[in-house]
Amino acid sequence: MTVIYKGSYTGAQIDSKLGSMATDSEVVHLAGTEEITGDKTFTGVVEVNTPAADTQAANKSYVDTEVINRQNADADLQGQITAEISNRGQADTNLQTQITTNAENINTLNTDLTTEATTRETADTDLQTQITTNAADIADRYTKTQSNLRYSNAIIKQSSGEILNLSTAESTFPKLDILGNTVVTPADPEQDISPDNPATIESVGESGSFSVKSSGKNLMSYPYSTTTKAVKGITITDNGDGSITINGTATGYVYFYFVSNTVDSIRRISKGTYTISMKGLGENLPLLFTIYDEFNGNVLFKETISSTYPISTFAIEQDGYYTLLLTVVTGATIDNVIIYPQLEIGDTATEYSPYAGADYTLELKDTEGSTLEPLRNIKDGDTVVAEDRIFKDADGSWKVERNTGKVVFDGIENWLLYPSENTDTVRFVTLISYAKPNLSSVDAPLLCDYFMTENGYSTNTECCFIDKRLISIYINKSRLATEDRIGFKEWLQSNPITVVYQLGEPTITTLHADTQTVLNSLKQTYLGTTVVYGTDLIIPSFDVEYVADINKVISDLTQAVIALGGTI
């Protein structure tokens, strides 16, 4: 019998109900440890605890905290990285700076080493040059025996002047001083120097150099202007020893210049007495000798020499230049005639001697190559009171002794108006600190290109003079815009004036090595006769000691005694 309770399920219903339920082992329980497999999707919020192991789920709070901590750690790490990069960058900069500094130090050291090497090389070169010079000097010296044999008949003599004509042994000058010279030339030589008639002041070596000639007694410079030539039936042959050979019959005038009238060939000749001789000169070989004024080309002397007068003595009253021309006339027949031309100082023709000599250019430069001032002198009338000179010092080097100074006043100086009662002139003074103090009078000589140089005390004429170290200038009031120092300084700006004065103390400057070499060559003298003179417009003077052959001296004295009517 089946019992059915009200409100209960039937067995089928129960089976149906229980059939849809999971078994206990297949469901998740609220407590206990269980393993769940398969994918699960949660539509609601799942809360989990803070994880304690790597495989545990993490809640939001844990993740947020971890992210913030990681961000902070990353920021700290980035800061550390940035600081490290900055430190490394600064270290790299410091290292680069040190590398650059080291490179500069190395370059400086290399430069110093190069300079030192150059200095050492120069010193070695100078030393080698000195050794060579010393060796040559030693080789050129005589032994005691040689000196006794060579100079037993020699004496030392002294001579000075613008042109030296010396009876010398073959030797060197024991002393050779070259003295300055200054020429002051007004624009109008017939008028006094003034601002209306300014002068030029020129001295030896004004261009930075000057020329000197040294030769034996024959002044006829060789080679000649004309060389071997064949023209109009005549052949003139230069024999290479100063003589020429002439041959043939002239179909016209034939000219041979020993010294031509071209700028490169003309030769300077100083005032004095000369003799020209032409050994071998024939009747059909007239010789035309002409001397020109060096300033304007006027003829100072002109003479034709022929076989009738093969020797001519003449006096030159003024410095000039000469030309020497041999003329073969038309129709002349010459049969290998040899001519020996000779020009010498004095009134006596001597035996022919071939030309021997040299031209020297002396540059006024110091050891660094800077150009020096010219060699000047200051005269009181005909008396030299101060002069510059070139001399050989005790240390063996050639030097310039400077005893004159030059100043150009152009208005920048500190001029003072000096009280004066003159009606036409006003006096201004300024100081030249390097001038020699004139303690005794106001007549110390000086040179000026705009004013006469004379005692100006109580004068009413324009002039320039020195009193102690004060330069005084009297100038006409009419030349100044205002009769005060301002007006005078303005005048000087438009009319700068040059004054040459005597130095209080001389200065010494060693000459350049090239000039040293030239001067050492100039010291050589020729056997028999040595002639020395300047060849520029402004020529120096010379003061020398030379080795003379006593036999020649005795011969000259003998001739002088005989000329005076005496006997030996």
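Colleague: For the sheet that holds strand β18 (residues 357-363), give the residues involved together with the corresponding values.
Modeller: In space, the four strands of this open sheet follow the order β2-β29-β6-β18, with antiparallel pairing throughout. Of all strands in the sheet, those bounded by a partner on one side alone are β2 (163-166) and β18. Averaged over all pairs of adjacent strands, the angle between their axes in this sheet comes to 15 degrees, without regard to strand direction. As defined by bridge partners, strand β6 (residues 209-215) adjoins strand β29 (residues 530-534) across four bridges and the pair is classed as antiparallel.

Colleague: Explain the side chain of Ser397 to me, and be specific about the residues and the numbers.
Modeller: Here Ser397 lies in the loop between β21 (389-392) and β22 (398-409). Here Ser397 falls in the buried class, since its relative accessible area comes to 15%. Within the structure, the side chain of Ser397 is placed 2.7 Å from the side chain of Asp395, a separation counted as a polar contact. With near-sequence residues (within four places) excluded, Ser397 lies in contact with Phe391, Lys392, Thr510 and Gln516.

Colleague: Could you give an account of the sheet that holds strand β7 (residues 229-231), with specific residues and numbers?
Modeller: Strand order across the open sheet formed by six strands is β7-β8-β9-β17-β12-β15, with antiparallel pairing between neighbours. Single-partner strands in this sheet number two, and they are β7 and β15 (311-316). Between one strand axis and the next, the sheet turns through 20 degrees on average, direction left out of account. Across five bridges, strand β8 (residues 234-238) lies against strand β9 (residues 244-249) in antiparallel orientation. Paired with Thr235 across the two strands is Asn247, which belongs to β9.

Colleague: Give a detailed account of a nonpolar patch on the surface, specifying residues and quantitative values.
Modeller: Together, Phe42, Val46 and Val48 make up a nonpolar patch on the protein surface, roughly 280 Å² of accessible area in all. With respect to the helices and strands, Val46 occurs in the loop between α1 (11-19) and α2 (60-140).

Colleague: Got a sec to walk through the layout of surface pockets? Specific residues and values, please.
Modeller: By volume, the second largest pocket amounts to about 830 Å³. Lining the second largest pocket are 32 residues, and of these Asn181, Thr182, Val183, Val184 and Thr185 sit closest to its centre. When residues of the lining of the second largest pocket are traced back to their parent elements, those giving at least two are β4 (182-186), β19 (377-380) and β25 (447-448). Sorting elements by how many residues they give to the lining of the second largest pocket places β4 first, with five residues. When grouped by side-chain class, the residues that make up the lining of the second largest pocket number 15 nonpolar, eight polar and nine charged.

Colleague: Let's hear about empty space enclosed by the protein: which residues, and what values?
Modeller: Gaps left between atoms are located by rolling a probe of water-molecule size over the structure's atoms. Going through the model one piece at a time under the given rule, you end up with one cavity of 30 Å³ or more. Each pocket or cavity is described by its volume, and for the largest cavity that value is around 50 Å³. Residue lining of the largest cavity: Ile163, Leu219, Arg268, Ile269, Ser270, Tyr274, Tyr322 and Tyr533, and that is the complete set. Of the residues assigned to the lining of the largest cavity, the class counts are six nonpolar, one polar and one charged.

Colleague: So what about helix α5 (residues 513-522)? Which residues, and what values?
Modeller: Those residues of α5 lying buried are Thr515, Gln516, Leu519 and Leu522. Buried residues in α5, looked at end-on, bunch into an arc of 120 degrees, giving them a common side. With respect to the buried face of α5, the exposed residues turned more than 90 degrees away are Asp514 and Thr517. Residues of α5 that are buried sit in contact with β3 (175-179), β6, β18, β21, β22 and β28 (497-510).

Colleague: Go over the side chain of Thr425 with me, naming the residues and quoting the values.
Modeller: If you trace the backbone, Thr425 turns up in strand β24 (residues 425-431). Thr425 gets classed as buried once you look at its relative accessible area, which sits at 1%.

Colleague: I'd like a rundown of the packing of aromatic side chains, residues and numbers included.
Modeller: Taken as a whole and judged by the stated rule, the model has 14 aromatic pairs. A centroid spacing of 6.3 Å and a plane angle of 20 degrees characterise the contact between Phe465 and Tyr474, whose relative ring orientation is stacked. Across the pair, Tyr474 and Phe465 agree in class, each one buried. Pairwise contacts between aromatic rings join Phe409, Trp415, Phe428, Tyr450, Phe451, Phe488 and Trp491 into one cluster. One cation-aromatic arrangement involves Arg389 over Phe391; the distance from NZ or CZ to the ring centre is 4.2 Å. Sitting over the ring of Tyr418, Arg427 keeps its end group 4.0 Å from the ring centre.

Colleague: I'd like to hear about the pairing of β9, residue by residue, with values.
Modeller: The turn joining β8 and β9, which pair antiparallel and follow one another in sequence, is formed by five residues; a positive phi near 85 degrees is taken by Gly240. Direction of pairing for β9 relative to strand β17 (residues 333-345): antiparallel, over a ladder of five bridges. Bridge pairing in β17 links Ile246 to Val337.

Criteria and cut-off values
Residues numbered from 1 in each chain as written. Predicted model: local features only at pLDDT ≥ 70, side-chain atom pairs only at ≥ 80, totals over all residues. Heavy atoms only, no water. Pairing = 2+ DSSP bridges. Helix = DSSP H or I, 4+ residues; strand = E, 2+ residues; numbered from the N terminus. Axes fitted to C-alpha atoms, helices over the stretch in contact; angles between N-to-C directions. Buried < 20%, exposed > 50% of the residue type's maximum accessible area, 1.4 Å probe, protein only. Polar contact = N/O pair within 3.5 Å; in protein donor to acceptor, adjacent residues only side chain to side chain. Contact = heavy atoms within 4.5 Å. Patch = residues over 30% accessible without salt bridge, like charges linked within 9 Å, V, L, I, M, F, W, Y side chains within 5 Å. Areas by Shrake-Rupley, 256 points an atom, 1.4 Å probe, with all protein chains shown as cover. Salt bridge = Lys/Arg side-chain N within 4 Å of Asp/Glu carboxyl O. 1 Å grid on protein atoms, 1.4 Å probe; cavity = no way out; pocket = protein on both sides within 12 Å on 5 of 7 lines; lining within 4 Å. Points joined across faces, edges and corners; volume = space filled by probe spheres on them. Nonpolar A, V, L, I, M, F, W, Y, C, P; charged D, E, K, R; others polar. Arc of directions from axis to C-beta. Phe/Tyr/Trp six-rings, centres within 6.5 Å; stacked < 30°, edge-to-face > 60°. Lys NZ or Arg CZ within 6 Å of the ring centre and 35° of its normal.

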